[in-house]
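As a plain string of letters, each chain reads:
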Amino acid sequence: MTNLNAIDPAAVAEEAKIENNDVVIAKSRIIVRRFLRNKTAVTGLVIFVLLTVLSLIGGIFSSWDKETIDPFNIGMGPSSEHLLGTSQAGIDLYALTVEGTRVSILIGLVVGLVSVLIAAVYGCTMAYFGGKVDKVMLFILEALIMMPALLVVAVATSGGGNGLQQNLPSWLLLIIVLLIFNWMGTARLIRSLSMSLMQRDFVKAAQYMGIPARRIVWRHLVPNIGSLLVLDITRGVTGAILAEVAFSFIGIGIKVPDVSLGVLIGQATSQVSTFPWMFWVPLTVMFLLTGSLAMMNDGLRDAFDPSSSSIGSAKKKKKTS
Amino acid sequence: MSSETTATDLSTAERLHVAGLHSAHGHYSDAPAGAVLSVRDLNVRFNTENGVVHAVRGVDFDLMPGKTLGIVGESGSGKSVTSMAIMGLLPETAEVTGSVRLKGQELLGLSDKAMCRYRGNEMAMVFQDPLSSLTPVYTVGNQIIEALTVHNPTMSKQAKEARAVELLGMVGIPSPKDRLKAFPHEFSGGMRQRVMIAIAIANNPRVLIADEPTTALDVTIQAQVLEVLHTAQEETGAAVVMITHDLGVVAGMADDIMVMYAGKPVETGSVDDIYYNPRMPYTMGLLGAVPRVDVAEKTSLVPIEGIPPNLIHAPTGCSFAPRCPLVSDACLQGEPALAPVGGTGDGTLEHRAACIKSEDLGADVDVHQIFHAPEVPVSRFDAVPRAERKAVLELTDVKKHFPLMKGALLKRRIGTVKAVDGLSFDIREGECFSIVGESGCGKTTTLLEIMEFHRDQDGEVKIGGLSNKAASDAKTKAAMRKELQMVFQDPTGALDPRFTVYEVLAEPLENSGMAKPAIRKRIMELMELVGLQPDHVNRFPNQFSGGQRQRIGIARALAVNPKLVVLDEPVSALDVSVQAGVINLLDLLRAELGLSYLMVAHDLSVVRHISNRVAVMYLGKIVEIGDVDNVFDNPRHPYTRALLSAIPVPDPQLERTRERIILQGDLPSPLDAPTGCNFATRCPVFAALPAAKQEKCLTLEPPLETATAPAPATGRPADGPPSAPTDQQFACFYPDGELDADMLVVHESL
């Protein structure tokens, strides 16, 4: 077979090829390729990105902003002046929707990402150390799960948190409260998953190779619960958006003058028949937002999951019969 | 199951076959009278995401009453699907065509309800995994009685119970009457498989299908279960279809063999025809790929390169052509049919082979030449006497005891499990040392103790001069990890599914602080070293076959240039043909790189093939240790003798005549290990000893004694002067004692 010390032209050529990096493809590229192969997921991503961009720069397409009242058009339907009509206060609905979408996406992304991050760190730490640490941390977790989140949100955003309310805008307060109550389920899941991963042969192999514990957690544990993390992030974002809508709807979330999709929907529900555009416009945007995230879910999982059947477009063949 | 969809692309003859299926009494004229089961042109197709998989392509055979047919092949060759199709156990989505006749009655096309009259009654099946084929919530008696009730509704309760006791007794379960009320978890794996056999033969079936019945069991237990199957067949006169990948298992049992490849039988014939006069390259390769436990002479194994074809695409030529060393253009012109090759004709099945070159192949052709088996590699250390080589690993009195606790709040110690109990051995440079024994004897714990390398361990572990007692700080540990690497049993579990091969191999190198360009170069070297294509480094492990994954595991272990590689059952998860390639690779690497191996294996044939020295372990202790040829050819400890005799040899004639020691019972739980000799409870020598001598075995622990070379009187020429001390040590007071006659089994009647 091969002699390790032999130098032959083929090996030199091989080396040059390796140097030029066309043999070793980076994993990120493989993941991107796999994701792009899933049409639904790409559509979802496109919708989500468009909505985000719109929410950020949407204001420049309209001369109205979310505070200016148009006294001549109060509660009017869509017209050439106001693209999506106006609210009962006479504020341009387009401007309100753009602002509301931005707040909703912000809440969703921050809560989704940060809560999964907290959950991952907490869960992995529990699993890695085990023993007493695990027991104490698990107790804290259980205690948090028992707390009635709804009441705390109600108290924090209205009466009880007066001092806080003056210093913080209501959306930030909602983010903090949602964060505190959002990560426990995921943390438990991650703990049990990493505990079973710790028993796997490849973790043992890494230990026997003398890889330090920190690196094992980072390189073997976290990526292997990665598809779950990705799913949980998208699900967490969706969940946070919906929670915000729900809380605002019953009047304990975002407070006027701050606007969010939930506030808009909540305000419009009582007069759906008279002012339908006020209800349907923010609702459609919310559907697009959560729907695009759901569409991305599948593709993301496939891209990160090595056991997915996605092995290359060349091999894909549809059943003919 | 409509035939229209397939009939369009079938030939006229095949269409007639399909049509014959639907006529109620259409006869296949070639079915011999008296055949209890005849299968004709059995085809199974599965619809999958990727297309239609043609899993079984035209299987024909006849089974005479009381005879045994062995179906042999690699995984994925369609052997299990064939048996499932016969039993009617395939899912409804599977498309089954052809004919299966049980005593002249057509079974294909029967409804599930109609099949139930045959299943468990006329036809019964024994499954591979005894642990999951019994319902855990019902007693064993219940499950046997259930099988009786279904097919004999009029039988009285007493009669059923009596029959259940009789059945349990027949399969060799001690005190069957009490065990009737036991739950499956109270039985060991071997016992559960016996219960499965009891259920299968409950209604005196005419056909018994055994699908890899012993694959999940230890060798000693395998011998027991095969024995039970044999008695069951004798008692009921049933015909047996034995499905296995182990050519050794069927050699002693089967009358006829059918070798399957890619869903098609490629060679059929009597046992002797197949084993002594194979006419198809695949069969020859399979036979050459199996290491022999009874042969000392070193030859390389025959590797069959490549993987079985994808059955989604209909093969245009011979399906074995891509892997066949004798392939020529003619092989690619159409698939060869099974043609008679004129064997001895003493079996039910005519000797047929599906190869256009079968004329040129025969008993006198050397399979090693055909398959280009590599030369036996010679290590530079082989010439150096063992005593002069450096020790790479030394174990002195290593112990691992687990306390057994009971109680919820206040835990109290109720006993100790002595998983490893005072182990001492050493491994020299360039040598392969193996530990063998049944599962539960402490082999793997020993490995883990070595890998652990901690100061607080009981006993001293010395790796390449570094002792675990002296200094076990991070620096010494890192140095030790460079000397010692491990290859795991399950190649799939040992590779992080999220790492590409490149990342898998880069990990140990990065950890040792190598620069990036150097790592790339080293990885390309490693890929080539273990026989993989270097441009496969971007693939994920699940895109490789089992054998290739194990090669990646080996490459990872070799990445940091260790001196000693620990192999934990390195080939037990692999197919026979693939196994041969990996064993050859391990052999080659040992010679080329001057490696030492510490191997744990339960397959003694593999151990014999690859090792220089061997230790036999029983309940945490070494009972015999020494040079592999000495130990295997001249075993002194009764346990070693029993282990060796339990291994089936792929040689039908030898298998029929040799005497076997069938050990009674299972490995005792380490919790209630006996005080004297651990093995006394199962020892065939002990059982035959007079009571006065038994006392010694029960009270004293036999120490390891150095064996002397066998006296010439035993018929074996001694290498040195008689009674010179050898390398071999064993722990038994009466190594030359008589064996208990009850535990000896000889099949001369076959």
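Numbering of residues begins from 1 in every chain and follows the order in which that chain's sequence is written. For this description, chains carry letters from A and ligands carry numbers from 1, given in the order in which they are written. Totals for whole chains, interfaces and linings use all residues, but because this is a predicted model, local features are given only for residues with pLDDT of at least 70 and pairs of side-chain atoms are given and counted only at 80 or more. Excluded from the side-chain calculation are hydrogens and water; included are all heavy atoms of the structure.

## Digging into the overall build of chain A
Counting secondary structure elements, chain A contains 14 helices and 0 strands. For helices the rule is a DSSP run of H or I covering at least 4 residues; for strands it is a run of E covering at least 2, with both sets numbered from the N terminus onward. In sequence order, the secondary structure elements of chain A are arranged as α-α-α-α-α-α-α-α-α-α-α-α-α-α. Here the term buried applies to any residue with accessible area under 20% of the maximum for its type, exposed to any over 50%, and partly exposed to those in between, with areas from a 1.4 Å probe on protein chains only. Out of the 321 residues belonging to chain A, those deemed buried represent 46%. Intrachain contacts of chain A at a sequence separation of at least 6 include 69% that bridge at least 24 residues. Counting every atom, chain A has about 16700 Å² of accessible surface; 67% of that belongs to carbon and sulfur. Only heavy atoms enter the contact rule, under which two residues are in contact if any of them lie within 4.5 Å. Reported accessibility uses the Shrake-Rupley method at a 1.4 Å probe radius. Residues are deemed covered only where the shown protein chains occlude them.

## Brief notes about the overall build of chain B
Summing up its helical and strand segments, chain B has 25 helices and 26 strands in all. Sorting the 750 residues of chain B into buried and exposed places 56% on the buried side. Long-range contacts, defined as pairs at least 24 residues apart, comprise 69% of the intrachain contacts of chain B with a sequence gap of at least 6. Accessible surface computed for chain B: about 30600 Å², of which carbon and sulfur atoms make up 53%.

## Focus on the sheet that holds strand β13 (residues 391–406) of chain B
All names here are of chain B. Think of it this way: DSSP has to see at least two bridges between two strands before they count as a pair. Sheet architecture is open: 4 strands sit in the order β14-β13-β16-β17, paired in antiparallel fashion. Two strands lie at the open edges of the sheet, namely β14 (412–428) and β17 (466–467), each paired on one side alone. Looking at chain direction, β13 and β14 are connected through 13 bridges and run antiparallel. Across the sheet, H401 pairs through a bridge with K418, a residue of β14. Docked against the sheet, helix α14 (residues 443–452) engages β13, β14 and β16 (458–463), running at close to 110° with respect to β13. Between N-to-C directions, angles cover 0 to 180 degrees, with each direction set by a line fitted to C-alpha atoms, over the stretch in contact for helices.

## Looking at the pattern of salt bridges
Each salt bridge in this description consists of a side-chain nitrogen of Lys or Arg and a carboxyl oxygen of Asp or Glu lying within 4 Å of one another. Scanning the model with the defined rule gives 29 salt bridges over all chains in all. A salt bridge links R191(A) to D134(A), with the nearest nitrogen and oxygen atoms 2.8 Å apart. Within this pair, whereas R191(A) is found in helix α9 (residues 184–198), its partner D134(A) is found in helix α5 (residues 131–146), the two being separated by 57 residues in sequence. Each of the two residues, R191(A) as well as D134(A), counts as buried. Among the salt bridges present, the one from R215(A) reaches E510(B), with a minimum N-O distance of 3.8 Å. Note that R215(A) is positioned in helix α11 (residues 213–224) and E510(B) in helix α16 (residues 501–511), a pairing that runs across two chains. Given a relative accessible area of 27%, R215(A) falls into the partly exposed group.

## Observations concerning the pairing of strand β20 (residues 596–601) of chain B
Residues and elements named next belong to chain B. Among the 6 residues in β20, 6 count as buried, and that is most of the element. Of the two faces of β20, the one lined by S596, L598 and V600 and the one lined by Y597, M599 and A601 are each fully buried. Sheet analysis places strand β15 (residues 432–436) next to β20, joined by 5 bridges and oriented parallel. Note on β20: the bridge partner recorded for F433 is L598. Pairing analysis gives 5 bridges linking strand β19 (residues 564–568) to β20, with the strands arranged parallel. Of the residues in β20, the one forming a bridge with V566 is L598.

## A few points about the packing of aromatic side chains
Residue and element names in this part refer to chain B. Put simply, two rings from Phe, Tyr or Trp (the six-membered ring, in Trp's case) pair if the centres are within 6.5 Å, and we call them stacked under 30 degrees between planes, edge-to-face over 60, tilted for the rest. For the structure on display, the rule yields 11 aromatic pairs over all chains. Residues Y282 and F320 carry aromatic rings whose centres are separated by 5.1 Å and whose planes lie at 65° to one another, so their mutual orientation is edge-to-face. In this pair, Y282 is assigned in helix α12 (residues 281–289) and F320 in the loop between α12 and β11 (339–340), connecting sequence segments 38 residues apart. Here Y282 and F320 have matching classes, each one buried. Positioned above the aromatic ring of F187 is the side chain of R179, whose terminal nitrogen or guanidinium carbon lies 4.4 Å from the ring centre. Only Lys NZ and Arg CZ are tested; either one counts as a charge over a ring when it is within 6 Å of the ring centre and within 35 degrees of the ring normal.

## Concerning the pairing of strand β1 (residues 37–48) of chain B
Two faces make up the sheet, and in a regular strand the side chains alternate between them. Residue and element names in this part refer to chain B. Most of β1 is tucked away: 10 of the 12 residues are buried. Judged from the 7 bridges that link them, β1 and strand β4 (residues 95–102) form a sheet pairing that is antiparallel. Bridge pairing in β4 links N43 to T97. Bridge analysis of β1 against strand β2 (residues 51–63) gives 10 bridges, and the strand direction is antiparallel. Looking at the pairing, L42 lines up with V59 of β2.

## Some details on the environment of L404(B)
All names here are of chain B. Its place among the elements puts L404 in strand β13. Look at L404 and you get partly exposed, because its relative accessible area is 26%. Sequence-wise, L404 and A238 are 166 residues apart; in three dimensions their C-alpha atoms are separated by 47 Å.

## Description of the sheet that holds β11(B)
All names here are of chain B. Strand order in the open sheet made by the 8 strands is β6-β7-β8-β3-β9-β10-β12-β11, with mixed pairing throughout. With one partner strand each, in any of the chains shown, β6 (123–126) and β11 form the two edges of the open sheet. Where strand β3 (residues 68–72) lies against strand β9 (residues 256–261), 4 bridges are found, and the strand directions are parallel. Residue pairing across strands places L69 opposite D256, the latter belonging to β9. Running at roughly 155° to strand β8 (residues 239–244), helix α9 (residues 219–236) makes contact with β3, β7 (207–211) and β8 of the sheet. Together, β3, β9 and β10 (264–270) form the strand contacts of α12, whose direction differs from that of β9 by roughly 105°.

## Section: helix α3 (residues 79–87) of chain B
Taking burial as the measure, the 9 residues of α3(B) include 7 buried ones, the bulk of the element. Just past α3(B), the residue G88(B) takes up positive phi, approximately 70°.

## What to know about the side chain of R101(B)
Residues and elements named next belong to chain B. Its place among the elements puts R101 in strand β4. Classification of R101 as buried rests on a relative accessible area of 7%. Whenever two N or O atoms come within 3.5 Å, that pair is a polar contact, provided that in protein one can donate a hydrogen and the other can accept it, and provided that, for residues adjacent in sequence, both atoms are side-chain atoms. A polar contact of 3.5 Å, which involves the side chain of R101, links it to the side chain of S99.

## Focus: the packing of α16(B) against helix α17 (residues 516–529) of chain B
Residue and element names in this part refer to chain B. Two numbers describe how α16 lies on α17: the axes approach to 10 Å, and their chain directions differ by 120°. Accordingly, the angle class assigned to the pair α16 and α17 is oblique. Classified by chirality, the crossing of α17 by α16 is right-handed. Within the contact between the two elements, α16 uses V501, Y502, L505, A506, L509 and E510 and α17 uses I519, R520, R522, I523 and M527. Taken together, the residues that form the contact of α16 with α17 break down as 8 nonpolar, no polar and 3 charged. Any angle that is under 35 degrees is reported as roughly parallel, and any over 145 degrees as roughly antiparallel; angles of 65 to 115 degrees are reported as roughly perpendicular and all others as oblique. Helix crossings are classified by the rotation of the near helix relative to the far one: an anticlockwise turn of less than a right angle makes the crossing left-handed, while a clockwise turn makes it right-handed. Residues were grouped as follows: Ala, Val, Leu, Ile, Met, Phe, Trp, Tyr, Cys and Pro as nonpolar; Asp, Glu, Lys and Arg as charged; and all remaining residues, including Gly, as polar.

## Examining a nonpolar patch on the surface
Among the surface-exposed residues, L45(A), V49(A), V53(A), L54(A), L56(A), I57(A), I60(A) and F61(A) lie close enough to one another that they form a single nonpolar patch of about 750 Å² accessible area. Examined against the element boundaries, V53(A) turns out to sit in helix α3 (residues 39–57). Patches here: salt-bridge-free residues with over 30% relative accessible area, like charges joined within 9 Å, nonpolar side chains (Val, Leu, Ile, Met, Phe, Trp, Tyr) joined within 5 Å.

## So, the state of the cysteines
Residues and elements named next belong to chain B. When two cysteine sulfur atoms lie within 2.5 Å, the pair is treated as a disulfide. In this structure the tally under the stated criterion is 0 disulfides over all chains. Lacking any disulfide linkage, C355 is separated from the closest cysteine sulfur, that of C331, by 6.2 Å. Judged by relative accessible area, which is 15%, C355 ranks as buried. The closest cysteine sulfur to the non-disulfide-bonded C697 is located on C677, 6.0 Å from its own sulfur.

## Examining unusual backbone geometry
All names here are of chain B. Here N204, not a glycine, exhibits a phi torsion of approximately 45°, which is positive. You can see N204 is positioned in the loop between α8 (189–200) and β7. For E212, which is not glycine, the phi dihedral falls at a positive 45°. With respect to the helices and strands, E212 occurs in the loop between β7 and α9.

## A few points about the confidence of the model for chain A
Residues and elements named next belong to chain A. The pLDDT score gives, residue by residue, the confidence of the prediction method on a 0 to 100 scale. Taken as a whole, chain A shows an average pLDDT of 76; of its residues, 82% reach a score of 70 or greater. Put simply, helix α1 (residues 9–19) is where chain A has its lowest mean pLDDT, 46, and α3 is where it has its highest, 89. Below a pLDDT of 50 lies the segment residues 1–23, which in the model reaches 30 contacts outside its immediate sequence neighbourhood of four places, other chains included. Counting contacts from residues 310–321, a segment whose pLDDT is below 50, to residues more than four positions away or on other chains yields 14 contacts.

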